[in-house]
Amino acid sequence: MLWTVLLCLCFWCLDGVFGDYVEMKSVIEGDSVTLDCLTELKNDDQILWQFGDTNIAEIFKWAEKFTVYDGVLDGRFRDRLKLDKRTGSLTITNITMKHAGRYKRQFNRRRQSYTLTVIVQISVKEGDSVTLNSGLTELKDDDEIQWEFEYTVIAEINKPADSFTVYDDVLDGRFRDRLKLDNQTGSLTITNIRPDHEGDYKLWANSMTVNFYLNVIVPVKEGDSVTLDSDSTEMAGDEIQWRFESALLAEINKQADSFTVYDDVLDGRFRDRLKLDKQTGSLTITNITTEHTGCYKQHNSLHSTPFRRPSFFCLTVYARRLPVPVISSDSSQCPSSSSSSSSSSSSSSSSSSSSSSSSYCSLVCSVVNVSHVTLSWYKGNSSLSNISVSDLSISLSLPLEVEYQDKNTYSCVLNNPISHQTQHLDITQLCPTCADSAHCCGSTEALIRLVLSALVGVATVILVVYDIRSRRAERDQAHIHTSGSIEQNTEL
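Residues numbered from 1 in each chain as written. Predicted model: local features only at pLDDT ≥ 70, side-chain atom pairs only at ≥ 80, totals over all residues. Heavy atoms only, no water.

Caption draft 1: View of the overall build of the chain. A count of helical and extended segments in the chain gives six helices and 32 strands. By the burial criterion, 39% of the 492 residues in the chain qualify as buried. Contacts spanning at least 24 positions in sequence make up 58% of the contacts within the chain whose residues lie at least 6 apart. Accessible area of the chain: about 27700 Å², with a carbon and sulfur share of 48%. (Helix = DSSP H or I, 4+ residues; strand = E, 2+ residues; numbered from the N terminus. Buried < 20%, exposed > 50% of the residue type's maximum accessible area, 1.4 Å probe, protein only. Contact = heavy atoms within 4.5 Å. Areas by Shrake-Rupley, 256 points an atom, 1.4 Å probe, with all protein chains shown as cover.)

So, in structure tokens, the structure goes:
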């Protein structure tokens, strides 16, 4: 869990003639932070904001002049600084690791300092691996690096002694055989992640400190309920807020006996699904859907719990039922009996390439409207290829080429951590050969042959009918002529 509170963890110390107050602040990378100032500026107030010894903002209230210098320091603050014209507070938006450090505010003859810690938040699925990046491209000969997890050293590098050490037996051995140090950059990789690896990681590298917070994503079935546990077993004067991404979902004011859920936010996706535990402050989400996938934050007030750390919960909601993959043939025609042999006998490279490609059947496995799934081709029990997606409601397709007379078993599998669907390939149906004229070639050629056969049949029938009628007409005419001759002889 996080070592410091997101918004403001205050340790006040007195230093110097006028009093230099140091306020500790911590913020997640990508979020915003406000360095508070006064309740309201007076007409003769003058304020200077600095990062280290570099001026980044300035206020002359009497001249109504409010200036930010966001182009300094290689532009790391560009379009990120905002001054409050009423209080003089400075807000830094879209925080990155480059913004970590000491900030100073000179207000008239008083000074105040802020130490800002930026935390890199990383989400990873259970069983996956994650690399905590040191930010170094290459270790120097005098570098010394130390990695901590919840105040316990788990790895360290002493470059002068050429020593690279991991302490994977600490903390009940939860990291055993899971830690790997990069000898070039000092980055730390954790393999086969488990839920008990979630929490605060800190990198000490010479004079630099980098904080990481690792979230282990919890898989949830669509339609189930999930409870996000509060750190409290029983609240005592607490003020608690629950947020999804940046949207406020629920808040508790224990002193006012107020428990409120805001389930109409975000287009009502949480409507009638949120429940607060009045004893512990835990939040339950019922009848969960894929729209509820994401990270949730629980934040306690400073008044009752000044050292309380915020809690993070990252959920991935998986569909209970997945669609069955559809396998289709992308081949326009089947190979002829001579096509496979022509590739070896032809002296031309182009004809060889053409005949070689025609000996393979092109297949496509596809699914529509899926999220958080993996689509894979298997040959027997061996994986041939796969593609994964985490976005909501998109379509996936995965190609495969097989020989027309391949006798192996192929299947296309769609899966997530809780469900799967398999479609087996019927190669004789989708990839027929021309050896059997009944199954010859592609659908277009087969249709043309069928139409031609029908036309020939119709023409044959017409010719036969015409011939029969012609012969009959000739016989009738001969019969009439013979009858006429007999009648004439009789009269004579």
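Caption draft 2: Structural view of the side chain of Ser134. Its location among the elements puts Ser134 in the loop between strand 10 (130-132) and strand 11 (144-149). A distance of 3.2 Å separates a polar atom in the side chain of Ser134 from the backbone nitrogen of Leu136. Excluding residues that lie within four positions of it along the chain, Ser134 makes contacts with Trp147, Thr185, Gly186, Ser187, Leu203 and Met208. (Polar contact = N/O pair within 3.5 Å; in protein donor to acceptor, adjacent residues only side chain to side chain.)

Caption draft 3: The arrangement of the pattern of salt bridges in detail. Evaluated as defined, the whole model comprises eight salt bridges. One salt bridge in this structure joins Glu64 and Lys61, with 3.2 Å as the shortest N-O distance. A salt bridge links Arg176 to Asp169; its shortest N-O distance comes to 2.7 Å. Classification of Asp169 by relative accessible area gives exposed; the value is 51%. (Salt bridge = Lys/Arg side-chain N within 4 Å of Asp/Glu carboxyl O.)

Caption draft 4: Molecular detail of the side chain of Arg174. Within the element layout of this structure, Arg174 appears in the loop between helix 1 (170-173) and strand 14 (179-181). Within the buried set, Arg174 has no salt-bridge partner at all; the shortest N-O distance to an opposite charge, 4.4 Å, is to Asp196. At 2.9 Å, the side chain of Arg174 forms a polar contact with the backbone oxygen of Asp196. Beyond its immediate chain neighbours, meaning those up to four positions away, Arg174 contacts Phe149, Arg194, Asp196 and His197. (Lys, Arg positive; Asp, Glu negative; His and termini not counted.)

Caption draft 5: Quick look at the pairing of strand 9 (residues 110-125). Across seven bridges, strand 8 (residues 101-107) lies against strand 9 in antiparallel orientation. Its bridge partner lying in strand 9, Arg102 is registered against Thr115. The antiparallel pairing of strand 8 with strand 9 creates a hairpin that spans two residues between the two strands, and Asn108 there sits at a positive phi of about 55 degrees. Where strand 9 and strand 17 (residues 208-221) come together, seven bridges link them in parallel fashion. (Pairing = 2+ DSSP bridges.)

Caption draft 6: The pairing of strand 13 (residues 163-166), seen in detail. In terms of strand pairing, strand 12 (residues 152-158) meets strand 13 through four bridges, oriented antiparallel. Within strand 13, the position partnered with Glu156 by the bridge is Thr165. Adjacent in sequence and paired antiparallel, strand 12 and strand 13 are bridged by four residues, among which Asp162 carries a positive phi angle near 55 degrees.

Caption draft 7: Spotlight on the sheet that holds strand 27 (residues 360-370). Read from one edge to the other, the open sheet built from three strands follows the order 26-27-30, with strand pairing classed as antiparallel. Two strands close off the open sheet at either side, each with one partner strand: strand 26 (326-329) and strand 30 (394-403). Taking the axes of each pair of neighbouring strands and ignoring which way they run, one obtains an average angle of 25 degrees across the sheet. Strand direction decides the pairing type here: strand 26 and strand 27, joined by four bridges, are antiparallel. Bridge pairing in strand 27 places Ser329 opposite Leu363. (Axes fitted to C-alpha atoms, helices over the stretch in contact; angles between N-to-C directions.)

Caption draft 8: Spatial organisation of the confidence of the model for the chain. For the chain, the average pLDDT comes to 79, and 79% of its residues sit at 70 or higher. The model gives residues 1-19 a pLDDT under 50, and that stretch makes 67 contacts with residues more than four places away or in other chains. Predicted confidence is poor over residues 302-309, with pLDDT under 50, and the contacts of this stretch with residues over four places away or in other chains come to 23 contacts. (pLDDT = per-residue confidence, 0-100.)

Caption draft 9: Looking closely at the nonpolar core. Counting residues in each nonpolar core, the largest one holds 25 residues, and the members touching the most others are Trp147, Ile154, Ile190, Tyr201 and Phe212. Elements with a contribution of two residues or more to this core: strand 9, strand 10, strand 11, strand 12, strand 14, strand 15 (188-190), strand 16 (199-205) and strand 17. In terms of residue count, the dominant contributor to this core is strand 17 (four residues). Of all hydrophobic cores here, the second largest spans 23 residues; its members include Leu322, Val367, Tyr410 and Cys431. (Core = buried A, V, L, I, M, F, W, Y, C linked by side-chain atoms within 4.5 Å.)

Caption draft 10: Examining the state of the cysteines more closely. Counted under the stated rule, the structure contains three disulfides. Covalently, Cys295 is tied to Cys314 through a disulfide, its sulfur atoms 2.0 Å apart. Between Cys295 and Cys314 the sulfur-sulfur dihedral comes to about 95 degrees; the bridge is accordingly right-handed. With Cys295 in strand 24 (residues 294-300) and Cys314 in strand 25 (residues 311-318), the pair connects residues that are 19 residues apart, well separated along the chain. Each member of the pair Cys295 and Cys314 is classed as buried. Covalent S-S linkage joins Cys365 and Cys412, the inter-sulfur distance amounting to 1.9 Å. With the S-S dihedral at roughly -90 degrees, the linkage between Cys365 and Cys412 falls on the left-handed side. Here Cys412 lies in strand 31 (residues 410-416) and Cys365 lies in strand 27, a separation of 47 residues in the sequence. (Disulfide = S-S within 2.5 Å.)

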